[in-house]
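Residues per chain, in single letters:
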Amino acid sequence: MPKQFLNYTDLTFNEIISQVNDRLREDPEKRFDSFLESTVAQTMIDIFAASTDMTNYYIERRAEEQFLDTARLKSSVIQLSKILGYVVQRPVPGQSSVKIILKGPLPTSVLEGHTVDFKAFETAFAVGDKKFVLKKDYQYKFTAADIAGGTANSFRKEISVSVPNGTELYLNEAGLVPTSATSPIEIIQGEIKTKTIAGSSNTQVGNIFQKYLIDDVTFSNVFGSEDLNYDDTTNSASNLADGLTKIAITPASTPITAAFIDESSLYEIDRRSILTSETVIDQTSVLNDVPNVCSIRTTDSQGVEILFGDNKIASKGVAGSNQNLYIQYFSTKGLEGNETGILSKKLTTSNSFETSNGDSITQNIEWQFNSSIIAGADMESIDSIKLNAPGLFYSLDRLVTSKDYTTFLKSLTTPVNIKNALAWGEQEELEKDSTLTAITALLNVIFYSCVGPLYNIGESKTTHTHKDLLSNTASDDDKISTFIEGVQYDLGGNTFVEQNYFDIFIKNNMVDYLQNIETSTAPGVSIVNNKIKKRSQITLRNAYVSPLLQQFNLTGDVYIKNLVSVNEIERRVNNAIYEFLDEKSDFAQPLYLSNIIELIESFPEVINTTPTFTPVAGTGTPLVSALELDPDITGYTADEKQIIVPQFSNSFQNFMPNYGYDSTENFNRSLMTSGPSAAYDIKVWENSNYLNNPPYGANSTGVPNTELKGHIRVANISERNFYEKFVKHFYDEIQGTAGGSFGNSNDFKSLFSRANQEMKYMIRSSMKDQSGNIVNYSFKHEIVQVISKLNFKYR
């Protein structure tokens, strides 16, 4: 068989030239010998090879765009994800809180009891090129103190909180409303835009399956089930007129403002498909009605398309040329809208404000930021769509396997833009470690945990940072954008997080735990739980567990070459480290020092580096050495203390031998070394050489290596052992005794939360292997945050 000319698999430019030259030289009549030696011939061959190479390249690229795994263009990935029924997450608006400054002198006609209203969406603000709208309706009622002091030019009153189940705002410092009953005054970043498609020029009038395009990449994710009027507890929009995104069809004579408040003219919006709308399913099968339902989905140009039905399952849209289609949506900057360091910065507004008596008080109202702008996110990335779309398709959007749960959770952008998630069952814990005790109450329960990004990463940030989440001055903004519990997440003494471990790992009581979730004052927990409940199996129970965030500092020296800017290379290296950590962060994810070293030394300015993961100590108030004098125990009777104090020591020794009382019968937070009274403090112990190579396992004879007599076996100091072998042992032992009431009290949770924080350095030390890598996780829902504290220096 003769050789095939120009083998289509040889795609490179040089290979094509070689094949053409060989073919011409093989001519039996030698007609091209002289021709091949000419410059013109070589130029023509080069042009032919280049055009053929480019044609082959584009053929291959086009073929690659037909498959989700190989597609490179976002337009292709979006189109392919539609085939799988996946809803691409659009830009998410940033959120912030504001305070209202009421300034004097007030108009003399303003009286006690008069009110001023601040309307949601209508009250708009601007700071530079960023625009905002008020998220909810608020109302302020003037008090007698306002009227008495408001006549002075110096009068100034800050209003920073609201009552969530009402409309009146109060200053909490006035003592009228407890802090637990208030919520911030919220704004979201973006602006309301409207579009009118007149029936007189609408070419789709009367057609079925009408489709309308809005080519605006800033069209936000706030529509349908992600809109502000959507109730996750009932899985429906309570009032279509209260939404930010609205679709209305009315007679052309109807003003656009009237169209958006007429429920009969508004269309319910489904994010996936008209066919999947519960309203369509219910009404067509029961009432034989054609509901006003449409669908909004992302186009390959990253705008949106609005789709209507066939007038059988859902309305076909604009029926006649005498009707207009009105569209309202929320436009946002997404990630670019986030901003920190703006506390007390003023917002400008063109709105005017009047009291219920008609008095203008616009000049008496000033608006200021009360927190940073957080939680804004750009349109879902190509990698995220590629990861999530197949997972949801394989499960038919139902949650069956742990991967289904994880994929679904990572697709959520509210209440937190979730980046890390997992789901597991108790049996998986037992398969991982046969020494653990099964908790039978948990064997028919699906646990899940999730967090947002642990680092501030974004194209708009020249310097990436870690989020401040666990320090004594931890940022509320960072917590709100990371944990679905929001500001309630605090491993150093928070009642909600403690309730997780108290009910699940100590009491083994799922009934109380699930009730606590349902009644939690952390709304994000209920929102996510309800989203999961709609898709999970009815025979299983879903239980959210707060993540266990473990912090480590990345310490050590980075030696750089001379004549290099220390500040610049420090910024670039730290940015690369945080980008790497953000990409690799996940639950129970091993972190290897070798990867960090390789990353740092990849910079040509770096000579070498010696980093190490250093555990961060816990926060909070330490236990009192004389335990009976500890503030969590002092309020109990002498009989109760006689049970509580000795049992604490016994349970601790059950957990870690030789850790308990000294010779004076005082609770000793110290490590016993050579006698009942010879001990040293935990902090000294933490800094000793004993922790250099944790954890210590068994020696050559199989006996646990305790180094010196009395040293704690570091391998036993883990989060799971702390709760399972220490706290639970204590709880079980005091039940039915005089100290039983302590076991079910908030004092109990506080005491052991503080004990956990005091041992946090040791717990985190045991997570490291002998090479210093972070690999030893005892709970599946432990996740590590690393804070770069490297020292950059010239060699």
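Our structure's up above, just so we're on the same page.
Residues numbered from 1 in each chain as written. Predicted model: local features only at pLDDT ≥ 70, side-chain atom pairs only at ≥ 80, totals over all residues. Heavy atoms only, no water.

(A) Expanded view of the overall build of the protein. Within the protein, the secondary structure is distributed over 22 helices and 33 strands. Across the 795 residues of the protein, 51% fall into the buried class. A sequence separation of at least 24 residues applies to 71% of the contacts in the protein between residues at least 6 apart. With an accessible surface of roughly 36,300 Å², the protein has 50% of that area assigned to carbon and sulfur atoms. (Helix = DSSP H or I, 4+ residues; strand = E, 2+ residues; numbered from the N terminus. Buried < 20%, exposed > 50% of the residue type's maximum accessible area, 1.4 Å probe, protein only. Contact = heavy atoms within 4.5 Å. Areas by Shrake-Rupley, 256 points an atom, 1.4 Å probe, with all protein chains shown as cover.)

(B) Main features of a nonpolar patch on the surface. A cluster of nonpolar residues, Phe 35, Val 40 and Met 44, forms a patch on the protein surface that exposes about 280 Å² of accessible area. Here Met 44 is to be found in helix H3 (residues 39–64). Given the relative accessible area of 49%, Met 44 is considered partly exposed. (Patch = residues over 30% accessible without salt bridge, like charges linked within 9 Å, V, L, I, M, F, W, Y side chains within 5 Å. Salt bridge = Lys/Arg side-chain N within 4 Å of Asp/Glu carboxyl O.)

(C) Here's a closer look at helix H15 (residues 566–584). In this model, H15 (19 residues) spans 27 Å end to end at C-alpha, consistent with the 27 Å of a helix rising 1.5 Å per residue. For H15, the set of buried residues is Ile 569, Val 573, Asn 574, Asn 575, Ala 576, Ile 577, Tyr 578, Phe 580, Leu 581 and Asp 582. (Expected span 1.5 Å × (residues − 1).)

(D) View of the pairing of strand S11 (residues 211–214). Taking every second residue as pointing to the same face, the buried face of S11 carries Tyr 212 and Ile 214, while none of Lys 211 and Leu 213 on the other face is buried. In this structure, S11 lies alongside strand S17 (residues 304–307), joined through four bridges in antiparallel fashion. Note on S17: the bridge partner recorded for Lys 211 is Leu 307. (Pairing = 2+ DSSP bridges.)

(E) Representation of the sheet that holds S11. If you trace the four strands from one edge of the open sheet to the other, you get S11-S17-S16-S15, paired in mixed fashion. Whereas interior strands pair on both sides, the edge strands pair on one side only; in this sheet they are S11 and strand S15 (268–270). Across the sheet, the mean angle separating the axes of adjacent strands is 25° when strand polarity is ignored. Bridge count between S15 and strand S16 (residues 293–298): three bridges; the pairing is parallel. Bridging across to S16, Asp 270 finds its partner in Ser 295. (Axes fitted to C-alpha atoms, helices over the stretch in contact; angles between N-to-C directions.)

(F) Expanded view of the packing of helix H1 (residues 13–25) against H3. Where H1 meets H3, the axes come as close as 9 Å, and the angle between the chain directions of the two elements is 130°. Comparing the axis directions of H1 and H3 gives the class oblique. Between H1 and H3 lies a crossing whose hand is right-handed. Where H1 abuts H3, its residues Phe 13, Ile 16, Ile 17, Val 20, Asn 21 and Leu 24 lie against Gln 42, Ile 45, Asp 46, Phe 48, Ala 49, Ala 50, Thr 52 and Asp 53. (Parallel < 35°, antiparallel > 145°, perpendicular 65-115°, else oblique. Left-handed = near helix turned anticlockwise from the far one by under 90°.)

(G) Representation of the nonpolar core. Residues Leu 581, Phe 613, Phe 648, Phe 742 and Phe 748 are the most contacted members of the largest nonpolar core, which totals 107 residues. Beyond its immediate chain neighbours, meaning those up to four positions away, Phe 748 contacts Phe 502, Ile 506, Val 727, Phe 730, Tyr 731, Phe 742 and Gly 743. Residues Val 116, Phe 132, Tyr 138 and Phe 353 belong to the second largest nonpolar core, which totals 26 residues. (Core = buried A, V, L, I, M, F, W, Y, C linked by side-chain atoms within 4.5 Å.)

(H) Spatial organisation of the pairing of strand S6 (residues 156–159). Every second residue of S6 is oriented toward a common face, the buried set being Lys 157 and Ile 159 and the non-buried set Arg 156 and Glu 158. Taken together, the four bridges between strand S1 (residues 95–103) and S6 define a ladder with antiparallel strand orientation. Bridge pairing links Leu 102 to Lys 157 in S6.

(I) Expanded view of the packing of aromatic side chains. Throughout the structure, instances matching the rule amount to 28 aromatic pairs. With a centroid separation of 5.3 Å and 85° between ring planes, the pair formed by Phe 648 and Phe 726 is classed as edge-to-face. Taken together, the positions of Phe 648 in helix H17 (residues 638–655) and Phe 726 in helix H19 (residues 719–734) put the pair 78 residues apart, joining distant regions of the chain. In this structure, Phe 648 and Phe 726 share a single accessibility class: buried. Centroid distance Phe 730 to Phe 752: 5.1 Å. Interplanar angle 55°. Geometry classified as tilted. With Phe 730 in helix H19 and Phe 752 in helix H21 (residues 746–758), this pair connects stretches of sequence that are 22 residues apart. In this pair, the class of Phe 730 matches that of Phe 752, namely buried. One aromatic cluster is present, formed by Tyr 636, Phe 648, Phe 722, Tyr 723, Phe 726, Phe 730, Tyr 731, Phe 742, Phe 748 and Phe 752 through successive ring pairs. In this structure, Arg 271 is placed above the aromatic ring of Phe 223, and the distance from its NZ or CZ to the ring centre is 4.4 Å. One Lys or Arg, Arg 795, reaches over the ring of Tyr 559 and ends 4.2 Å from the middle of that ring. (Phe/Tyr/Trp six-rings, centres within 6.5 Å; stacked < 30°, edge-to-face > 60°. Lys NZ or Arg CZ within 6 Å of the ring centre and 35° of its normal.)

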